[in-house]
Amino acid sequence: MFVSKDHSSIYFPPNGFNHIKVLQGQPQKGNTTHERDDNIIAPNEKGYINVPLSISNEKDKLLDGLLVSGFDEASCISRLQSHLYRKASPHKPSRYLISKLRNYEELHRRCGPNTIAYNKSMTNIENSKNNNVDGCKYIVWSPTNGLGNRIISMAATFLYAILTDRVLLVRFGKDISGLFCEPFLNSTWMLPNNSPFWKQEHIETYDSFLEKGRSKTNKTKEDLPSALFLYHQYTKEDTEKFFHCDYTQDLLRDIPLLILQTDQYFVPSLSMITSFNFEINKMFPQKDTVFYHLGHYLFHPSNQAWGLISRFYQTYLAKADERIGLQIRVFDPQITSQQEIMDLILSCTIENKILPKLETQNSVSYSENHTLKAVLVASLYPDYGESLRAMYLNKASVNGELIGVFQPSHEQQQKFHDNMHDMKAWTEMYLLSLSDVLVTSSFSTFGYVAQGLGGLKPWLLVRPHMRKPNSTSCEQDLSSEPCFHFGPKHECNGKPQNHFASSFPHFLECKDINRGLKLVSDSALL
Ligand code: GDP
């Protein structure tokens, strides 16, 4: 259960919601109206309708073909209801992406856990045999760091799996099991409990493999290990080590099982590989929609998470005219005061007209404008939400707008191996993604998940200690894609490369970290 900002418990009705604000059919500011047969069900005066979910449009439910039908609806309610919470998407999945996903699902069904092909392939891999008779290859994603890091790196690993015809398996510990639904029909993406690949100590590492590769020429398939461990946690050193190079991928192609431990969104690295680049461009003609589509395909909140999301949304956010997401991640609490952060938030939101100024007089506003803005605050600390709420309760806004401030949790610190902690984090990322306007903290992958799922270009708050005198408090991001924090340092010929962004037209340097790379659309390049 969440505890509300005023520290009273929020009651979650046992059956979740039974009426939903239909965003898609409503004429919204700057939003085109979506096709919907309004003759069937007319919204009431508040824009709510009782939607028998069985009649909500099949095309909408399946996100224009991104998702496949046939799942047991009750086991994952969010899969078919989430579209009711979002505005009509301007991003449609390409036919090519849809066909790649259907092919992937077929591969996963044939080679995934509990199949004959899986058992045979795994026995061979365990016995260090590299004969890939069934054509089943695997990539095992292994988690590291917080939930945002995990989600963005899983999305990148899934893209890699599609590009290399590998089956994606995930090592979910107790902390994150139960957050998501199974994404692949009639199969599982969980690495089976009895797999020896929950550990990697007995497996050759990528570093030693590269080292050997350098000393050998004419490598044959027999020289290759059957499993390899890649640790791409991307620190300041260049740990990626030529993963983005064609020749490395040529070598990795014939290794049946890779274990990838990573916390980064390495999609830009994949785009640097010639054959992958071609495929990625075909799958994602709109370059800045990779995470948006893959995220909507993979990450469906479990019923427990969806209960938290939908009830919070219905209780606090649905009735607002505008929803504003405010994500406050404080990376350096020792060197940054709360006041500095609060000043930054106010300066960003007020200067950019995201939130209104306050009346300077102690007067009551007689404005006719009773627009209600709901601000969803996500932060480990209660203070920011509390201050903001008190501010708008104590004084009127100059334009008469009413500002409601809601903070679902305040965990005080990042916790590990704690399932409910991660459940709250996932719920908040998802709720933030339902915002109309999003303000996030620089460098935070928590915010990247929200912006990526929402298809939103957030306002990025600068890190207070990096703010130069007279510089802005926030800047709008270039795209909704997550930033890949650590672009490769070397060209494939071994020469140092500091400006990858200049060599690839759809990469720009991230606004929040100058070594970072980000995919952007054609329009962002104009
Ligand atoms: P990043 O460190 O900001 O890139 O984001 P991560 O999600 O990878 O790691 C931060 C972790 O700290 C989260 O996964 C949560 O466990 C916790 N956390 C940070 N900020 C918040 C917040 O606003 N709400 C909640 N519920 N948890 C948070």
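Residues numbered from 1 in each chain as written. Predicted model: local features only at pLDDT ≥ 70, side-chain atom pairs only at ≥ 80, totals over all residues. Heavy atoms only, no water.

Colleague: So what about the overall build of the chain? Which residues, and what values?
Modeller: Within the chain one finds 16 helices and 15 strands. In the chain, buried positions account for 59% of the 526 residues. Here the analysis covers contacts within the chain between residues at least 6 apart in sequence; of these, 75% occur between residues at least 24 apart. Total accessible area computed for the chain in this model is approximately 22900 Å², and 52% of it derives from carbon and sulfur atoms. (Helix = DSSP H or I, 4+ residues; strand = E, 2+ residues; numbered from the N terminus. Buried < 20%, exposed > 50% of the residue type's maximum accessible area, 1.4 Å probe, protein only. Contact = heavy atoms within 4.5 Å. Areas by Shrake-Rupley, 256 points an atom, 1.4 Å probe, with all protein chains shown as cover.)

Colleague: Describe the site of the ligand, naming the residues involved and giving the relevant values.
Modeller: Contacts to the ligand come from 20 residues, most closely from Gly 148, Arg 329, His 421, Ser 444 and Thr 445. A distance of 2.6 Å separates an oxygen atom of the ligand from a polar side-chain atom of Arg 329. Between an oxygen atom of the ligand and a side-chain N or O atom of His 421, the distance comes to 2.6 Å. Protein contacts shield 97% of the accessible area of the ligand, which totals 560 Å² for the unbound molecule. (Near = heavy atom within 4 Å. Polar contact = N/O pair within 3.5 Å; in protein donor to acceptor, adjacent residues only side chain to side chain.)

Colleague: Help me get a handle on the packing of aromatic side chains, residues and values and all.
Modeller: Counting across every chain of the model gives 25 aromatic pairs. Arranged with centres 5.1 Å apart and planes meeting at 70 degrees, the rings of Tyr 85 and Tyr 313 form a pair that is edge-to-face. Note that Tyr 85 is positioned in the loop between helix H2 (77-81) and helix H3 (95-111) and Tyr 313 in helix H11 (residues 303-317), a separation of 228 residues in sequence. Seen from their ring centres, Tyr 160 and Phe 243 are 5.3 Å apart, and the 50 degrees between their planes marks the pair as tilted. Remark: Phe 243 occurs in the loop between strand E6 (227-232) and helix H7 (246-252) and Tyr 160 occurs in helix H5 (residues 147-163); sequence separation between them is 83 residues. Over the ring of Phe 71 we find Arg 79, and its NZ or CZ is 3.5 Å from the ring centre. (Phe/Tyr/Trp six-rings, centres within 6.5 Å; stacked < 30°, edge-to-face > 60°. Lys NZ or Arg CZ within 6 Å of the ring centre and 35° of its normal.)

Colleague: Please give an account of the environment of Ser 521 that cites residues and values.
Modeller: Mapped onto the elements of the fold, Ser 521 is located in the segment after strand E15 (517-519). On the accessibility criterion, Ser 521 (11% relative accessible area) is buried. Along the primary structure Ser 521 and Lys 287 are separated by 234 residues, whereas in three dimensions their C-alpha atoms are 5.0 Å apart. Beyond its immediate chain neighbours, meaning those up to four positions away, Ser 521 contacts Lys 287, Asp 288 and His 506. Reaching out from Ser 521, the side chain makes a polar contact with the side chain of Ser 523 at a distance of 3.0 Å.

Colleague: Residue-level account of the pairing of strand E11 (residues 437-441), with values.
Modeller: Taken across its five residues, E11 has five buried, putting it largely inside the fold. Both strand E8 (residues 322-328) and E11 contribute to a ladder of three bridges, which runs parallel. Across the sheet, Leu 326 pairs through a bridge with Val 439, a residue of E11. Of the strand pairs in this sheet, E11 and strand E12 (residues 459-461) are connected by three bridges, and their pairing is parallel. If you follow Ser 441 over to E12, its bridge partner there is Leu 461. (Pairing = 2+ DSSP bridges.)

Colleague: Please give an account of the sheet that holds strand E4 (residues 166-170) that cites residues and values.
Modeller: With respect to topology, five strands assemble into an open sheet ordered E4-E3-E7-E6-E5, the strand pairing being parallel. Of all strands in the sheet, those bounded by a partner on one side alone are E4 and strand E5 (204-205). For strand E3 (residues 137-142) and E4, the ladder comprises five bridges, and the chain directions are parallel. Its bridge partner being in E4, Lys 137 is matched across the sheet by Arg 166. Of the strands in this sheet, E3 and E4 are in contact with H3, which crosses E4 at around 70 degrees. Each of E3, E4 and strand E7 (257-262) is contacted by H5, which is oriented at about 170 degrees to E3, the strand it contacts most. (Axes fitted to C-alpha atoms, helices over the stretch in contact; angles between N-to-C directions.)

Colleague: How would you explain helix H4 (residues 116-126) if you had to name every residue and give the values?
Modeller: Residues of H4 that are buried: Ala 117, Tyr 118, Ser 121, Met 122, Asn 124 and Ile 125. For H4, the buried positions fall inside an angular range of 160 degrees around the axis, keeping them on one side. For H4, the secondary structure elements touched by its buried residues are H3, E3, E4, E6 and E7. Ser 128 occupies a position one or two residues after H4 and carries a positive phi of about 55 degrees. (Arc of directions from axis to C-beta.)

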